[in-house]
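# Chains, contacts and geometry: an overview
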Amino acid sequence: MATTRDARAPAQDAGGKSASNEQRLLWNPENVRDVAESVGIATINEEALRTLSQDVEYRIGQVIAEAVRFMRLGKRTSMTVKDISLALRVLDVEPLYGYDATKPLRYGEATMGQPFFYIDDEEADFERVINGPLPKVSRDANYTVHWLAIEGVQPVVPQNPTSTEARTQDLLPKGPGANPALAALSGHDSPNFKPAVKHAVSQEQILFFEKVQAALLDDNPDPEVHRLRQAALAAVVAEPGTHQLMPYYVNFISNQVTHYLDDLFVLRQMMELANALISNEHIFVDPYANSLCAPVLTCLLGRRLGSENGSDAVKEQYQLREVAASLIGQIANKYCSSNKLLRPKLTRSCLKAFLNPSMPPQVWYGAILGILAAGGPEAIKVLVLSNLKSFDSTMLQPLREKGEASRLDFEMVVGGILKAIQSLSEEDIMMNGVNGENSDREASQVKDFLGDIIGERVVRLANHQVNQAVLDAMNFQ
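This is a predicted model, so every value here is computed, not measured. Residue indices begin from 1 for each chain and proceed along its sequence in written order. In keeping with the model being predicted, local features are shown solely for residues with a pLDDT of at least 70 and side-chain atom pairs are shown and tallied solely at 80 or more, while totals for entire chains, interfaces and linings include all residues. As a rule here, side-chain values come from all non-hydrogen atoms in the structure, and water together with hydrogens is ignored.

A separate point is the overall build of the chain. We count a stretch as a helix when DSSP gives it H or I for four or more residues in a row; a strand needs E for two or more, and each element gets its number in order from the N terminus. Of regular secondary structure, the chain possesses 22 helices and 2 strands. Here the term buried applies to any residue with accessible area under 20% of the maximum for its type, exposed to any over 50%, and partly exposed to those in between, with areas from a 1.4 Å probe on protein chains only. Each of the 477 residues in the chain was classed as buried or not, and the buried ones make up 33%. Should any heavy atoms of two residues lie within 4.5 Å, those residues are considered in contact. Considering only contacts in the chain between residues 6 or more positions apart, those separated by 24 or more positions represent 64%. In the form shown here, the chain has an accessible surface area of approximately 30700 Å², with 54% of it arising from carbon and sulfur atoms. Under the convention used here, a 1.4 Å probe and the Shrake-Rupley method define accessible areas, while residue burial counts only the protein chains that appear.

Now for helix α5 (residues 81–90). Taken residue by residue, α5 has D83, A87 and L88 as its buried positions. All buried residues of α5 fall inside an arc of 135° around its axis, so they share one side. For α5, the exposed residues lying more than 90 degrees away from the buried face are K82 and R89. Its buried side turned inward, α5 meets α4 (46–73). Directly after α5, the chain includes D92, whose backbone phi takes a positive value near 60°. This arc describes the spread of directions from the helix axis toward the C-beta atoms.

The next subject is the pattern of salt bridges. Put simply, a salt bridge is a Lys or Arg side-chain nitrogen that is within 4 Å of an Asp or Glu carboxyl oxygen. Applying the stated criterion to the full structure yields 12 salt bridges. Between R69 and E66 there is a salt bridge, and its shortest N-O distance comes to 2.9 Å. Of the two residues, R69 and E66 both sit in helix α4, 3 residues apart, roughly one turn of that helix. E66 gets classed as buried once you look at its relative accessible area, which sits at 14%. Within this structure, E30, R33 and E46 form a network of salt bridges that share partners.

Turning our eyes to something else, we now look at a negative patch on the surface. For patch detection, residues must exceed 30% relative accessible area and be free of salt bridges, and they are connected within 9 Å for like charges or within 5 Å for nonpolar side chains (Val, Leu, Ile, Met, Phe, Trp, Tyr). Positive charges come from Lys and Arg alone, negative charges from Asp and Glu alone, with His and the N- and C-terminal ends not counted. Where a charge sits is defined by one atom per residue type, namely NZ (Lys), CZ (Arg), CG (Asp) or CD (Glu). A cluster of acidic residues, D120, D121, E122 and E123, forms a negative patch on the protein surface. Among the structural elements, E122 can be located in the loop between β2 (115–119) and α6 (126–131).

This part covers the environment of L408. You can see L408 is positioned in helix α18 (residues 407–422). We classify L408 as partly exposed; its relative accessible area is 31%. As a C-alpha pair, L408 and P361 span 47 residues in sequence and 9.8 Å in three-dimensional space. Those residues in contact with L408, other than ones at most four positions away along the chain, are V314 and K315.

It is at 7 Å that the axes of helix α10 (residues 223–238) and helix α12 (residues 264–279) come closest, and there the two elements cross at 30°. Comparing their axes, α12 and α10 come out roughly parallel. Where α10 approaches α12, its residues R229, L233, V236 and V237 are matched on the opposing element by F265, Q269, E272, L273, A276, L277 and S279. Each residue belonging to the contact of α10 with α12 can be placed in one class, and the counts come to 7 nonpolar, 2 polar and 2 charged. Under this scheme, a helix contributes an axis fitted over its contacting stretch, all axes are lines through C-alpha atoms, and angles between N-to-C directions fall in the 0 to 180 degree range. Oblique is the label for every angle not falling under 35 degrees (roughly parallel), over 145 degrees (roughly antiparallel), or within 65 to 115 degrees (roughly perpendicular). When residues are grouped by polarity, Ala, Val, Leu, Ile, Met, Phe, Trp, Tyr, Cys and Pro land in nonpolar, Asp, Glu, Lys and Arg in charged, and all others, Gly among them, in polar.

Centres within 6.5 Å make a pair out of two Phe, Tyr or Trp rings, where for Trp the six-membered ring is used; the pair is then stacked when the planes are under 30 degrees apart, edge-to-face when over 60, and tilted otherwise. Evaluated as defined, the whole model comprises 6 aromatic pairs. Considering the side-chain rings of F354 and F391, the 4.4 Å spacing of their centres and the 15° angle between planes classify their relative orientation as stacked. On the criterion of sequence distance, the pair formed by F354 in helix α15 (residues 342–354) and F391 in helix α17 (residues 388–401) is long-range, its members being 37 residues apart. A relative accessible area of 1% means that F391 is categorised as buried. What links up through ring pairs into an aromatic cluster is the set F209, Y248, Y249 and F252.

Here, expected helix span is obtained from the residue count minus one, scaled by 1.5 Å. The terminal C-alpha atoms of α15, which comprises 13 residues, lie 19 Å apart, in line with the 18 Å expected from a rise of 1.5 Å per residue. Along its buried surface, α15 packs onto α13 (289–301), α14 (311–335), α16 (361–384), α17 and α18.

Moving on to a nonpolar patch on the surface. A cluster of nonpolar side chains, namely W27, I60, I64 and M79, defines an oily patch on the protein surface of about 310 Å² accessible area. Following the sequence through the fold, M79 ends up in the loop between α4 and α5. Judged by its relative accessible area of 36%, M79 is partly exposed.

Now for the side chain of E442. Among the secondary structure elements, E442 is positioned in helix α20 (residues 440–450). In terms of polar contacts, E442 uses its side chain to reach the side chain of N467, at 3.2 Å. Discounting residues that sit within four places of it in the chain, E442 has contacts with H464, N467, Q468 and L471. Polar contacts, as used here, are pairs of N or O atoms within 3.5 Å; protein pairs need one atom able to donate a hydrogen and one able to accept it. Residues neighboring in sequence count only if both atoms are side-chain atoms.

A separate point is unusual backbone geometry. The residue D92 is not glycine, and still its phi comes out positive at about 60°. Examined against the element boundaries, D92 turns out to sit in the loop between α5 and β1 (107–111). The exposure class of D92 is exposed, given its relative accessible area of 73%.

Turning our eyes to something else, we now look at the packing of α14 against α16. Contact geometry for α14 and α16: axes closest at 8 Å, N-to-C directions at 25°. With respect to each other, α14 and α16 are oriented roughly parallel. When the axes of α14 and α16 are compared, the crossing they make is right-handed. Contact residues: Q317, Y318, R321, E322, A325, I328, G329, A332 and N333 in α14; P361, Q362, V363, Y365, G366, L369, G370, A373 and A374 in α16. Here the residues of the contact of α14 with α16 are counted per class, giving 10 nonpolar, 6 polar and 2 charged. Left-handed describes a crossing whose near helix is turned anticlockwise from the far helix through less than a right angle; right-handed describes the clockwise counterpart.

Another aspect to go through is the side chain of Q317. Take Q317: it is sitting in helix α14. Apart from residues no more than four positions distant in its own chain, Q317 is found in contact with L264, L305, E308 and Q362.

For A238, the position within the fold is in helix α10. A238 sits 38 residues away from A276 along the chain, and the two C-alpha atoms are 8.8 Å apart. Discounting residues that sit within four places of it in the chain, A238 has contacts with N280 and H282.

Below is the structure:
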């Protein structure tokens, strides 16, 4: 620009004509003369012609300089039509119409004493255009609304991408400068990327979350510490702002259960925290039901919980499994309406562990309680009773033969099975007079269907209604 301004100064200085004559212009003055004749100016003197040529050269230099700025901001090395259009807009000049940045221009050259370039437009055959089919009428512009996501769950609507399209998008590398070939070359099918939107949590909520963590993980037997722990759980139950912290709580429970399977105190506190989250009426837990089930199932069906082997420690393990089974029942009953596969999935997991001979007796106990809690009496009737005879002969008989060392495990497993069978009866088992008397034929049928050990325990209950429910299940099979 400084050069062009210096080039204009000699043209305006009457005393510097010799210098202006010597300076060579980049823009041909004859082009200015052609434009002047096209608008009706027949004669124009050389001084005016040179001054106008210098001004045109200066204006074109301005446009090119602005276009170069847009080209560099776009991280490109070639200038496009759009760069020129943006430069004209910045300079408050009416843009040039009829040029498309997506369609490359073809230039032709004609020799008329000097090189002359022109845009080579495609010639259209009128006959072909007239006889050709008409283009489709474009639809009127309209606006519709739909849900992109509801509480983190994307609804299946035509406007949202399908699961196949979503998986295809996951395979592509993310980021402004990502190369599509990098993911395949590096062996990563779904590269990690930083989300564009941060999850905003206030400082007060972060402080509250840290205080709850510290209170729950403090195993000091001091009564004041116990009171603080109960106050933290009560605050989680009653605090409406817990919804913002819900993913952090779920992640905290999962991590603690995963890394501290040998600490019954931590596992018990995590189950208490999960119960507090479920009991909070102000938060929407449905999207987190599946994630919350994983640590609870770990405490219910884990092979070994805790590090101690004494009788008191074993009883604490069984108590922890009872708490976990209660939580499984709450989750299955409360969130089955929003997740149709939740209840069958929980019941199937517990049934698979219950029928696995390689599992320890503690797992069988947790599994039968889990089936009862998640599936209810109907699951016991359909899924469990038909398998109890083989369970009796292949699992309970060897467990009883181990003697006094496995006496507690044997009684707990049998007690859990009896509890599940008693759920088939609507009346209290203590009301023996109302239930009628057991016949020898009925007792024989029950033993034959359930096996010797379990059948004998059921007959001892002297509950005719329970026996009848068992026989109905046998006829159902």
